[in-house]
Each structure stands twice: as structure tokens, then as C-alpha cells.
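Take a look at the letters that make up each chain.
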Amino acid sequence: MKDRVCVVTGGNAGIGRAMVQALAQQQAQVVLISRDKVRGETAVQEIRHSLPQAQIELVVGDVGSVASTHQLAQTLLDRCPQIHVLINNAGIWPTKKRLNVDGLEEGFMVNHLAPFMLNQLLQERLKASAPARIVNVSAGLYVNGRVDLQKTPYGHDFHPIRTYASTKLCNVLCLPLEAARLADSGVTINAVHPGVINTKLGTMRGPLGWLMKLVKRSWATPEQGAIAPVWLATAPELVNTNGRYFNEKEEIPIGEIASNAELAAQLWQLSTQLGKL
Ligand SMILES: NC(=O)c1ccc[n+]([C@@H]2O[C@H](COP(=O)([O-])OP(=O)(O)OC[C@H]3O[C@@H](n4cnc5c(N)ncnc54)[C@H](OP(=O)(O)O)[C@@H]3O)[C@@H](O)[C@H]2O)c1
């Protein structure tokens, strides 16, 4: 991976941070995206402490709104003449319904619309840098999602557990269409469930929060969660693998719920419109 430019959204914490470290260990030039400057700088410093040779550049960027995602894409285009790997990792588990400035439910924005937008907005740069790869960090829970295009983007069907699954389902629904558009371009896109990992995802206050904290202690580490996404981003044997879904390192068929071509086409159209693409 020497001198390959790898962009990781949500690179300041959890699985994203572990991916930044693993890619830097492979001598990649890593662009760590963090929505918070101080959290981003702290992550860079901590990684450099254990890996002094690490080539990491911090880009402050928020994928929480349409405008800020456009701004992040523009910053990346301005600062990165080449992009070989884009890992859409930033994600949230919204336990309360919150709408962003666009009137979109936050989970829909961060987990689905932002990666969809970045994939489109950075596509030409990725093609010009080919061979290049996009890795969407998905979640196996997408199979429990339910997508209603009149409701889900706006949180009208918000549910503290199902919404996370539904927003991840949106992302998997678009995968075959994105892969088809990239076919023969030298750019591939694949999705991966990283495992069940002890991070701050979905952290809650109160007794349930404390209980979850205890339960999470038995889950795998962020470093273990980084293994499969980094493998998808780097493994030579996957250079032509496109449009596939992986449960950690095992390729599995996309579930029936995400194989609704009509819904996917409608979601594509809506996402293009909502993302002002
Ligand atoms: N943990 C698991 O068991 C698990 C399982 C399946 C899938 N996943 C997926 O793995 C990915 C990483 O999650 P994680 O477990 O590592 O969670 P995490 O520790 O909470 O990290 C999430 C990252 O996303 C960033 N982020 C959230 N909203 C953002 C925004 N608006 N703009 C920019 N960055 C934003 C966070 O930044 P801040 O630090 O500023 O909040 C953080 O860096 C997610 O897509 C998640 O859905 C995780």
C-alpha cells in the first residue's frame, strides 16, 4: 500500500481509527476524516505515538448534512490529487429521532445518504486513480430493516432499533446499482459487516447504557473490527471483486430484502435528489 491514498470517514474513533492505524502500518498515506478537530488531532497523535512513521493527514469533515458532505467532498478533491481507497465508515446508531438541517433523519443522512453522495462526488477522482476501491462499512443488521421512501428519510417511521437497520439497508440496496455503474472503470465497491465490536456506537445513558457497557466488554476489539474492511481495501486477490457483501471476510449473498430492484431504483433517484447531485 506504499503511497496509496486511503480516505477513512469517522477515522478518529472505534473501527475507523483502528483502520487508519492498520493502513498506516501498511505504509499507505491515510486521510483521517473527523468531524471534530480536537478528536481528530488526538487520534493522529496517538497513532503516531505507536507508529512514528505513519503518514496521516487530518481532514475535518462532517457527514451530518447535505451541505457539509458536499463541502467535505470538495475539500478532498482540493487536497488529494489521487484517491485509491475510500472507506465509508462514519456511522451512528440513533436512539432518538433527530432531524438535521435538511429535515432528514440523522441516521439516514450519516449511514446512507453521505456515503452515497461521497461515492458519486469522488467517483471521477477514484477512476482517475484506478485501480481504486470503495468499501462501505455496513452492518449485518440491515436484514432487519424496513424502508419506506415516504417515511424513512424523514424519520416518520423512527424506531430506536429498527432505524439503524433500515438506514444500513438503504446503503445495501444501492450497492448493486453502484457496482454496475463502476463496472470496467477500475474502481470497485463492496460492503462489509465488520463483526460485533466494542465501540461507542449507540452509547446510551441510564441503566440500559450501563448494562450495554458491561455486555460490550465481551465483544471484539476495534482492531479486530478493522481486519475485514482493511482486507477489502487492500487484498490483491480482491482487485476485481465488485458489488459483493462480506460478513467479515466471508462473502455472502445480499439478502432478499436488499434485492428489490424497483425499490433500489426509487431510492437511487430520491438519494440523488436529496443529495443535490
Ligand atoms: N460496532 C459494531 O459492532 C458495528 C457493527 C456493524 C457495523 N458497524 C459500523 O461500523 C462503523 C464504525 O462504527 P464504530 O462501531 O466504530 O462506532 P464509533 O466508535 O461510534 O465510531 C463512529 C465514527 O463515525 C463518526 N461520525 C459519526 N457521525 C459523523 C458525522 N456526522 N460526520 C463525521 N463523522 C461522523 C464518529 O465521530 P465522533 O467520534 O465525532 O462521534 C466516529 O469517528 C459504522 O458505520 C457502524 O455502523 C459497527
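Assigned secondary structure in the protein chain consists of 9 helices and 8 strands. Taking 19 Å as the expected radius of gyration for a compact globule of 277 residues, we find that the protein chain reaches 17 Å, a close match to that expectation. The buried share of the protein chain, reckoned over its 277 residues, is 47%. Pairs at least 24 residues apart make up 74% of the contacts formed inside the protein chain by residues separated by at least 6 positions.

Our focus in this paragraph is the sheet that holds strand β3 (residues 55-60). Strand order in the open sheet formed by 8 strands is β3-β2-β1-β4-β5-β6-β7-β8, with mixed pairing between adjacent strands. Where the open sheet ends on each side, the last strands, each with one partner, are β3 and β8 (250-252). Between one strand axis and the next, the sheet turns by 25 degrees as a mean value, whatever way the strands run. Bridge count between strand β1 (residues 5-8) and strand β2 (residues 29-34): 4 bridges; the pairing is parallel.

Lining the immediate environment of the ligand, one finds 27 residues, of which Gly10, Gly14, Gly64, Gly91 and Thr199 sit closest. In terms of residue class, the shell around the ligand is made up of 12 nonpolar, 10 polar and 5 charged.

Take the nonpolar core next. Residues Cys6, Val7, Met19, Val30, Leu32 and Ile87 are the most contacted members of the largest nonpolar core, which totals 75 residues. With 9 residues, the top contributor of residues to this core is helix α6 (residues 162-182). With residues near it in sequence (within four places) discarded, Cys6 still touches Leu23, Ala28, Val30, Val31, His84, Val85, Ile87 and Ala233.

What follows is about α6. Taking 1.5 Å of rise per residue, 21 residues should cover 30 Å, and α6 covers 30 Å from first to last C-alpha, within 8% of that figure. Of all the bends in α6, the largest measures some 35 degrees and sits at Leu175, one to four residues before the proline Pro176. For α6, the buried fraction is high: 15 of the 21 residues fall into the buried class.

A few words on unusual backbone geometry. Geometrically, the link from Ala130 to Pro131 is a cis peptide bond, its omega value of 5 degrees lying close to zero. With respect to the helices and strands, Pro131 occurs in the loop between α5 (123-128) and β5 (132-137). The backbone of Gln27 shows a phi angle near 70 degrees, a positive value even though the residue is not glycine. Following the sequence through the fold, Gln27 ends up in the loop between α1 (14-25) and β2.

Let us now look at the pairing of β2. Where burial is concerned, most of β2 is hidden: 6 out of the 6 residues are buried. Along β2, one buried face is formed by Gln29, Val31 and Ile33 and the opposite face, lined by Val30, Leu32 and Ser34, is buried too. In this view, the connection linking β1 to its parallel neighbour β2 by way of α1 has right-handed handedness.

What counts and what doesn't
- Residues numbered from 1 in each chain as written.
- Predicted model: local features only at pLDDT ≥ 70, side-chain atom pairs only at ≥ 80, totals over all residues.
- Helix = DSSP H or I, 4+ residues; strand = E, 2+ residues; numbered from the N terminus.
- Rg over C-alpha atoms; globule rule 2.2 N^0.38 Å.
- Buried ≥ 20, exposed ≤ 12 C-beta atoms within 10 Å, placed from the backbone.
- Contact = placed C-beta atoms within 7 Å.
- Pairing = 2+ DSSP bridges.
- Axes fitted to C-alpha atoms, helices over the stretch in contact; angles between N-to-C directions.
- Near = placed C-beta within 6 Å.
- Nonpolar A, V, L, I, M, F, W, Y, C, P; charged D, E, K, R; others polar.
- Core = buried A, V, L, I, M, F, W, Y, C linked by C-beta atoms within 7 Å.
- Expected span 1.5 Å × (residues − 1).
- Bend = angle between axes of the 7 residues up to and from the residue.
- Right-handed = clockwise from strand over helix to strand, strands pointing away.

Shape descriptors only; they carry no functional weight alone.
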